[in-house]
Amino acid sequence: MLSMSTLFDWTGRALRGLWWLLDGTRRVLLNLLLLTVLAVLAWLLLKPGPAALQPKTALVLDIGGRLVEQRAGSARDNALRELRGQSDGQTRLRDVLAALDAAAKDPAITHALLLTDELQGGGLPSLHEVARALERFKAAGKTVVAWGSDFDQRSYYLAAHANEVWLHPMGAISVQGYGRYRAYYKDLLDRVGVTAHVIRAGKFKNADESFAASGPSPESLESEGALVHSLWKTWTDTVEAARKLPAGHVMQAIDSLPGSLKDEGGSLARWALKHKFVDQLKTRDEMRAAFIERGERDDKTFRQVHWSEVLARVKPSRASDMVAVVVAEGGIGDGRSGPGAIGGLSTSELVRQAREDDKVKALVLRVNSPGGSAFGSELVRRELELVRKAGKPVVVSMGDLAASGGYWISLAADEMLADAATITGSIGVIAMLPTAEGLADRLGVRTGGVTTTWLGGAYDLKRGIDPRFVELLQASIDGTYRDFTAKAAAARRTTPEKIDAVAQGRVWTGRDALAQGLVDRLGGLDDAVKAAAQRAKLADGSWRLQYLETQPGRLERLLERFGLAELVALLPQPAGTHATLAGWAGPALGLPPSVAEALVREWGWWLELDPRRGPFTQAAHCLCSVP
């Protein structure tokens, strides 16, 4: 039998051996990690730069997914997609513009191939930005050929700006114009015993109509009719000018259908060729052979460089002074939001960062938002106002959307620029409180209880809504509307009465908004940046452009810096992001991923409103989307 001293001795030896093993393993792992970091640093320092491009190189500009101002989704989600070989379905607009401008200056790049088969979304203003960059590329003495198996309305708008448009012999051009038919749910809700109580300020504020009406109001038809006809005129005028077609050619071609298609034996490609929408019909291999003949052969294809490689070659400016850009894209919530959405707190912090940074001499707010929380909108607007009070110019550049809350946050600018097709205005306020007392009664659900004030039971989903509470909310919304119009009047240097005449929740295109005095001039992002630099009295070449965005965590930045971005996928997922919501909504509701993502883009901002505000939450949202 072992003695206690022997047992303790053996136990001590075992523990010391285990500690030695753990300590040795720790040392080995740390040394391996240190050697890995040193090896990566050495590789980064010693690796050669990209080889110079050879003459007669073709730029391949294949734009896929949605054109966005800012990538939505977390770094972890994007890294997971990369590991799976999947695309995130987004192309950042500024990356395309930077690549095209860099390619225009590179003498080795002599022509470009524009491919848009994978383009899935983007408003007319975003497409216009790309079209302007294509024109700058052409102005440098270079040619652009657009090829597609099919062209839809978005992709053809870009293709029309090429020197030549080639279409697959079995392809088609699908152009339908603008407009939509909404679904109206009031009769359905009545059947199930649900009522949508709508309180609004603005006769054109129609975001509620889908739930509170059985059809469009005359005001909706008037406003939306003017909007879509203005957008269509911009599209047709631009395409006809780019293709050197006579005015009215697009409508004449559409009106000639279906008879003119029968004349071409039902071939949509030959119909497009006859009506001069395309220049040649070519299969993909014929397109490749033509590019080999125009340029240089490189292995089995033509000499080429992808636009992302050109973007990677762009060297950042070393100038100290900066014109900062803050992107305000997506719905507006009260608190913090990730990329692709606007948080009253998180976006305000980015604006404050620009104000407190002495190197930032001017600020551009790039807006692409249909609005959201009135409270969150005011948080951002006030922070921009403080930037101006600090002596730094603020210029707003409106993208696809800058409506309702998107217009609210723009009101603190020295200058507001919009594209001719920007959807803006929608100066109005709305609240919608659903009740289901009828449904509860049918299900046999009864309620009862005691409250100390009438407000305690004024709004209950199961009991209905107290008329006094409706009156209270109407007074509050009317007050917010007066505040909205007063701020707009001060910003536009006019009277609240004149603003009210063009407000009432009505949406306008940028061109019409200019005529109504709601913006200062038409222009794109580049125009806004130049205006900001001029207002800050910055000489050409003495400043650089800097986007201010929510930064990833330290570990994420470290991994990305060392080219190990895929490891970000192993990091914990932050809660509350739109990407997480979309990932849940798809399987839970049986929706395709694209539909779930669109649903979250449209309604995710509701989930980011401050719950403490309860039924007093007011929305400055146009409930409109990019056509």
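Given the structure is predicted, the values throughout are model-derived calculations rather than measurements.

(A) Molecular detail of the pattern of salt bridges. Considering all chains together, one arrives at 30 salt bridges under this definition. In this structure, Arg366 engages Glu69 in a salt bridge whose closest nitrogen and oxygen atoms are separated by 2.9 Å. You can see Arg366 sitting in strand 18 (residues 360-369) and its partner Glu69 sitting in the loop between strand 2 (65-68) and helix 2 (75-84), a full 297 residues away along the chain. Judged by relative accessible area, Arg366 falls into the buried class, the value being 2%. Of the charged contacts in the structure, one is a salt bridge between Arg94 and Glu549, with a shortest N-O distance of 3.2 Å. Note that Arg94 is positioned in helix 3 (residues 93-105) and Glu549 in the loop between strand 28 (543-548) and helix 22 (554-561), a separation of 455 residues in sequence. Three or more residues are tied together by salt bridges with common partners; here these are Glu378, Arg381, Arg382 and Glu385.

(B) The arrangement of the packing of aromatic side chains in detail. Following the criterion strictly, the structure yields 10 aromatic pairs and no others. Taken together through their ring pairs, the aromatic side chains of Phe151, Tyr156, Tyr178, Trp232, Trp235, Trp271 and Phe277 make up a single cluster. In this structure, Arg506 is placed above the aromatic ring of Phe204, and the distance from its NZ or CZ to the ring centre is 5.3 Å. Over the face of the ring belonging to Trp508 we find Arg506, whose NZ or CZ atom lies 4.5 Å from the ring centre.

(C) Inspection of unusual backbone geometry at higher detail. The omega torsion of the bond from Leu257 to Pro258 falls at 0°, within 30 degrees of zero and hence cis. Unlike most non-glycine residues, Lys244 shows phi in positive territory, near 55°. In this structure, Lys244 sits in the loop between helix 8 (218-242) and helix 9 (249-255). Positive phi values are uncommon outside glycine, yet Asp299 reaches one of about 60°. Since its relative accessible area comes to 65%, Asp299 is described here as exposed.

(D) View of a nonpolar patch on the surface. A cluster of nonpolar side chains, namely Leu15, Leu18, Trp19, Trp20, Leu21 and Leu22, defines an oily patch on the protein surface of about 750 Å² accessible area. Mapped onto the elements, Leu18 comes out in helix 1 (residues 4-46).

(E) Structural context of a negative patch on the surface. On the surface, a cluster of negative charge is contributed by Asp62, Asp117, Glu118, Asp150 and Asp152. In this structure, Asp117 sits in the loop between strand 4 (109-115) and strand 5 (119-121). Given the relative accessible area of 32%, Asp117 is considered partly exposed.

(F) Structural context of the sheet that holds strand 3 (residues 90-92). In space, the 3 strands of this open sheet follow the order 3-2-5, with parallel pairing throughout. Each edge of the sheet is formed by a strand with only one pairing partner; in this case those strands are strand 3 and strand 5. Neighbour-to-neighbour, the strand axes of the sheet open up by a mean angle of 45°, direction not taken into account. Across 2 bridges, the pairing between strand 2 and strand 5 is parallel. Residue pairing for strand 5: Gly65 is matched across the bridge by Leu119. Taken strand by strand, helix 3 contacts strand 2 and strand 3, and its axis lies near 55° from that of strand 3.

The rules behind these values
- Residues numbered from 1 in each chain as written.
- Predicted model: local features only at pLDDT ≥ 70, side-chain atom pairs only at ≥ 80, totals over all residues.
- Heavy atoms only, no water.
- Salt bridge = Lys/Arg side-chain N within 4 Å of Asp/Glu carboxyl O.
- Helix = DSSP H or I, 4+ residues; strand = E, 2+ residues; numbered from the N terminus.
- Buried < 20%, exposed > 50% of the residue type's maximum accessible area, 1.4 Å probe, protein only.
- Phe/Tyr/Trp six-rings, centres within 6.5 Å; stacked < 30°, edge-to-face > 60°.
- Lys NZ or Arg CZ within 6 Å of the ring centre and 35° of its normal.
- Patch = residues over 30% accessible without salt bridge, like charges linked within 9 Å, V, L, I, M, F, W, Y side chains within 5 Å.
- Areas by Shrake-Rupley, 256 points an atom, 1.4 Å probe, with all protein chains shown as cover.
- Lys, Arg positive; Asp, Glu negative; His and termini not counted.
- Charge placed at Lys NZ, Arg CZ, Asp CG, Glu CD.
- Pairing = 2+ DSSP bridges.
- Axes fitted to C-alpha atoms, helices over the stretch in contact; angles between N-to-C directions.
- Contact = heavy atoms within 4.5 Å.

Purely spatial values, then, with no claim about function.
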